Amino acid sequence: MTAIPTPNLPETYDVARVRRDFPILDQRIHGQPLIYLDNAATAQKPRAVLEAMDRYYREANANVHRGVHTLSERATALYEGARDHVQAFLNARAREEIIFVRGTTEAINLVAQSYARPRLGPGDEILITHLEHHSNTVPWQMVCEQTGAALKVVPITPAGEIDHAAFGQLLGPRTRIFAVAHVSNALGTVNPVAELTAQARAAGAMVLIDGAQGVPHQRVDVQALDCDFYAFSAHKLYGPTGIGVLYGRREVLEAMPPWQGGGDMIRTVHFAGSTWNDLPYKFEAGTPAIAEAVGLGAALAYVESLGIERIAAHEAALTAYALERLGAIPGLRFIGTARDRAGVVSFVLDGVHPHDLGTILDHAGVAIRAGHHCAMPVMDFYGVPATARASFACYNTRGDVDALVTALEGARKLFGGRG
Ligand code: 7TS
């Protein structure tokens, strides 16, 4: 197994130095310096990732696991090296537990179709929560439709936290799967996933954690969490789009049938029948996203070089500053006020539709997301059609927050806001 290199951690977090690693940040939008605050949608990529992918295509491009020629061996070593890297990053027991997929969405669909669909039937329940992204809702709705199982939803409190008492009541002998976000992308709530997992597993349920917003912002140890599945996307973790990871407990993955059929996932193919390859290849049909895996490996090395704990501390300080400064804007209401939160701040501004806000801010060079954030049930809960959302990454600064506040003040004046 390739160990993650011991990072040479700087004494203090030098955000100016970090910013220089991200070439895209050095540009103007509508004549203003780019302030990128849409990191929950996708994070920007450091030079190390861009160069690793470029180098792969220049020096090693070939298909994996098939050729005996040098380039194929190189490509295979790089692709499998990335898997080792992910294993170390998540502290999984074995490399076979790391399945490369297209992203969080595909990971959850894989579990829904390969784990849940063959096992569930009428009388069984799948438990999710009210703050899930659509990708941790719709695949379960589909599998309920296919199997006759029922979807149950744990309510949230007005602050946007999981209602723990209701969770305890909804969890029961019928609960076969509990699927929960590590961090809500719409509210920023950090869910107490270790505690929830322990409770769900004690009740006999399998646990899937949607880590799309978890992995970029805190250390994740799947053995400590003791979950059955953990899913994330590389592109929110400074890596490329088109690749993500499904971690699965080995014995659970062993017992699951393949999801997609094709090359690489088989051992033998005859018209009378086929047999399946070992883990993890059983779940990786077809030519995988090789350059993207290399990019993911480089992204993990980059994150480790900064230190995920340092990134988390930087983002926490920035979030506290943003809450203080945004909180002082008249007519601004936060959507989601959980005690434990990641670097996501959702809000609405009196008299200004979030979409208009997004456009006005863009003209000031400030990129935020405005919309339902693929979490329509969360919008329903708060009775809003959409929110504006600023989300932070390792390269954001207090100056970025100040620019956001200035742009919001401008928008408020434009729409005749008083205060
Ligand atoms: N789960 C959560 C919690 C997410 O935030 C997202 C993407 C997904 C799953 C799906 O990830 P994908 O990489 O498979 O698309 N969230 C967002 C967002 O907040 N804005 O754009 C995408």
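Residues numbered from 1 in each chain as written. Predicted model: local features only at pLDDT ≥ 70, side-chain atom pairs only at ≥ 80, totals over all residues. Heavy atoms only, no water.

1. Here we look at the overall build of the protein
Definition in use: We count a stretch as a helix when DSSP gives it H or I for four or more residues in a row; a strand needs E for two or more, and each element gets its number in order from the N terminus. Any residue under 20% of the maximum accessible area for its type is buried, any over 50% is exposed, and the rest in between are partly exposed; the area is computed with a 1.4 Å probe on protein chains only. In this description, contact between two residues means that some pair of their heavy atoms is separated by no more than 4.5 Å. For the area figures, the Shrake-Rupley method with a 1.4 Å probe applies, and any residue is considered shielded solely by the protein chains shown. Note on charges: Lys and Arg go in the positive column, Asp and Glu in the negative column, and His and the chain ends are not counted at all. Think of each charge as sitting on NZ of Lys, CZ of Arg, CG of Asp or CD of Glu.
Secondary structure assignment for the protein yields 14 helices and 17 strands. Summarising its shape, the C-alpha atoms of the protein cover approximately 75 × 55 × 35 Å along the three principal directions. Across the 419 residues that make up the protein, the buried fraction comes to 55%. Of the contacts formed within the protein by residues at least 6 apart in sequence, a portion of 71% connects residues at least 24 apart. As presented, the protein carries roughly 17,000 Å² of accessible surface, and 53% of it is formed by carbon and sulfur atoms. Looking at charge distribution, the protein has the averaged site of its 37 positive side-chain charges lying 2 Å from that of its 43 negative ones.

2. Some details on the domain arrangement of the protein
Here is the rule we go by: In this entry, domain limits derive from an automatic or database-based domain assignment. When two parts are brought into contact, each loses some accessible area as probed by a 1.4 Å sphere; the total of that loss over both is the buried area. When a carboxyl oxygen of Asp or Glu is within 4 Å of a side-chain nitrogen of Lys or Arg, the pair counts as a salt bridge. Here a polar contact means two N or O atoms within 3.5 Å. Within protein one must be a hydrogen donor candidate and the other an acceptor candidate, and residues neighboring in sequence count only if both atoms are side-chain atoms.
In terms of domains, the protein is made up of domain 1 (15-40 + 307-414) and domain 2 (51-304). The gap between the C-alpha centroids of domain 1 and domain 2 is 28 Å. Taken together, the 35 residues of domain 1 in the interface contact 29 residues of domain 2. Taking both partners together, domain 1 and domain 2 bury about 2,700 Å²; carbon and sulfur atoms supply 54% of that area. Looking at the side of domain 1 facing domain 2, the largest losses of area belong to Ile308, Cys374 and Phe381, adding up to 21% of the total buried there. Across the domain 1-domain 2 interface, the total number found is two salt bridges. Residue Arg339 pairs with Glu161 through a salt bridge whose shortest N-O separation is 2.6 Å. Inspection of the region where domain 1 meets domain 2 yields 22 residue pairs in polar contact (both at pLDDT 80 or more). Elements represented by at least two residues in the side of domain 1 that touches domain 2 include exactly α11 (308-327), β14 (344-349) and α13 (376-382).

3. Quick word on the pairing of strand β7 (residues 175-181)
Walk down a regular strand and you will see the side chains alternate between the two sheet faces. For clarity, the cut-off: Two strands pair if DSSP finds at least two bridges between them.
The element β7 is extensively covered by neighbouring structure, given that six of its seven residues are classed as buried. Here strand β5 (residues 125-129) runs beside β7; their pairing, made up of three bridges, is parallel. Its bridge partner lying in β7, Glu125 is registered against Thr175. Where β7 lies against strand β8 (residues 206-210), five bridges are found, and the strand directions are parallel.

4. Topic: α11
Rules: Take the residue count of a helix, subtract one, and multiply by 1.5 Å to get its expected span.
The terminal C-alpha atoms of α11, which comprises 20 residues, lie 28 Å apart, in line with the 28 Å expected from a rise of 1.5 Å per residue. Buried within α11 we find Ile308, Ile311, His314, Glu315, Leu318, Thr319, Tyr321, Ala322 and Leu326. Elements in contact with the buried residues of α11: α1 (15-20), α10 (290-306), β13 (332-334), β14 and α14 (398-414).

5. Remarks on the nonpolar core
Put simply, the rule reads: Among buried residues, the Ala, Val, Leu, Ile, Met, Phe, Trp, Tyr and Cys ones that are joined through side-chain atoms within 4.5 Å form a nonpolar core.
Of all hydrophobic cores here, the largest spans 79 residues; its most connected members are Leu90 and Tyr395. Here this core gets 11 residues from one element, more than from any other, and that element is α10. Mapped onto the domain boundaries, this core takes at least three residues apiece from domain 1 (15-40 + 307-414) and domain 2 (51-304). The residues touching Tyr395, leaving out its near neighbours within four places in the chain, are Val15, Val18, Arg19, Phe22, Leu25, Tyr36, Asn39, Ala43, Gln44, Tyr238 and Asp400.

6. Thoughts on the sheet that holds β14
Under the convention used in this document: Axis angles are defined between N-to-C directions and span 0 to 180 degrees, where every axis is a line fitted to C-alpha atoms and, for a helix, only to the segment in contact.
Strands sit in the order β13-β14-β17-β16 across an open sheet of four strands; the sheet is antiparallel. Bordering the open sheet on either side are β13 and β16 (369-371), each of which pairs with just one other strand. Averaged over all adjacent pairs, the angle separating strand axes in this sheet is 30°, with direction ignored. Strand contacts of helix α12 (residues 354-363): β14, β16 and β17 (387-391), with the helix running at about 160° to β16, the strand carrying the most contacts.

7. Points about the environment of Thr189
Summarising the element assignment, Thr189 is placed in the loop between β7 and α7 (193-202). Judged by its relative accessible area of 2%, Thr189 falls in the buried class. With 140 residues separating them in the primary sequence, Thr189 and Ile329 have C-alpha atoms 22 Å apart. Leave out the neighbours within four places in its chain, and Thr189 touches Leu131, Gly160, Glu161, His182, Val183, Ser184, Ala338 and Asp340.

8. Let's talk about the sheet that holds β7
Two strands in a sheet stick together by hydrogen bonds in their backbones, pointing the same way (parallel) or opposite ways (antiparallel). One open sheet accounts for seven strands, arranged β4-β10-β9-β8-β7-β5-β6; its pairing is mixed. Bordering the open sheet on either side are β4 (98-101) and β6 (150-154), each of which pairs with just one other strand. In this sheet, neighbouring strand axes are inclined to one another by 20° on average, regardless of whether the strands run parallel or antiparallel. As paired elements, β4 and strand β10 (residues 244-248) share four bridges and run antiparallel to each other. Opposite Ile99, over in β10, you have Leu246 as the bridge partner. Most of the contacts of helix α4 (residues 104-119) go to strand β9 (residues 229-233), to which it runs at about 150°, and overall it touches β4, β7, β8, β9 and β10.

9. Some details on the site of the ligand
What counts is decided by this rule: Neighbouring residues are identified by heavy atoms, a residue being near a molecule or strand if any of them is within 4 Å of it. Here the term charged refers only to Asp, Glu, Lys and Arg, the term nonpolar to Ala, Val, Leu, Ile, Met, Phe, Trp, Tyr, Cys and Pro, and the term polar to all other amino acids, Gly among them.
With respect to spatial proximity, 16 residues lie near the ligand, and among them Thr105, Asp210, Ser233, Arg369 and Arg389 are the closest. Residue Arg389 places a side-chain N or O atom 2.7 Å away from an oxygen atom belonging to the ligand. Burial of the ligand by the protein chains amounts to 87% of its free accessible area of 490 Å². For the shell around the ligand, the per-class residue count stands at four nonpolar, eight polar and four charged. Per-domain counts for the shell around the ligand show at least three residues from each of domain 1 (15-40 + 307-414) and domain 2 (51-304).

10. Quick word on helix α5 (residues 138-147)
Because an α-helix completes one turn every 3.6 residues, residues spaced three or four positions apart along the sequence face the same direction. Note the cut-off: The arc in question is traced by the directions running from the helix axis to the C-beta atoms.
Three or more residues of α5 are buried, namely Pro139, Trp140, Val143, Cys144 and Thr147. Axial view of α5: buried residues confined to an arc of 140°, hence all on one face. Next to the buried residues of α5 lie α4, β5, β6, β7 and β8. Trailing α5 by a residue or two, Gly148 shows a phi angle of about 90°, which is positive.

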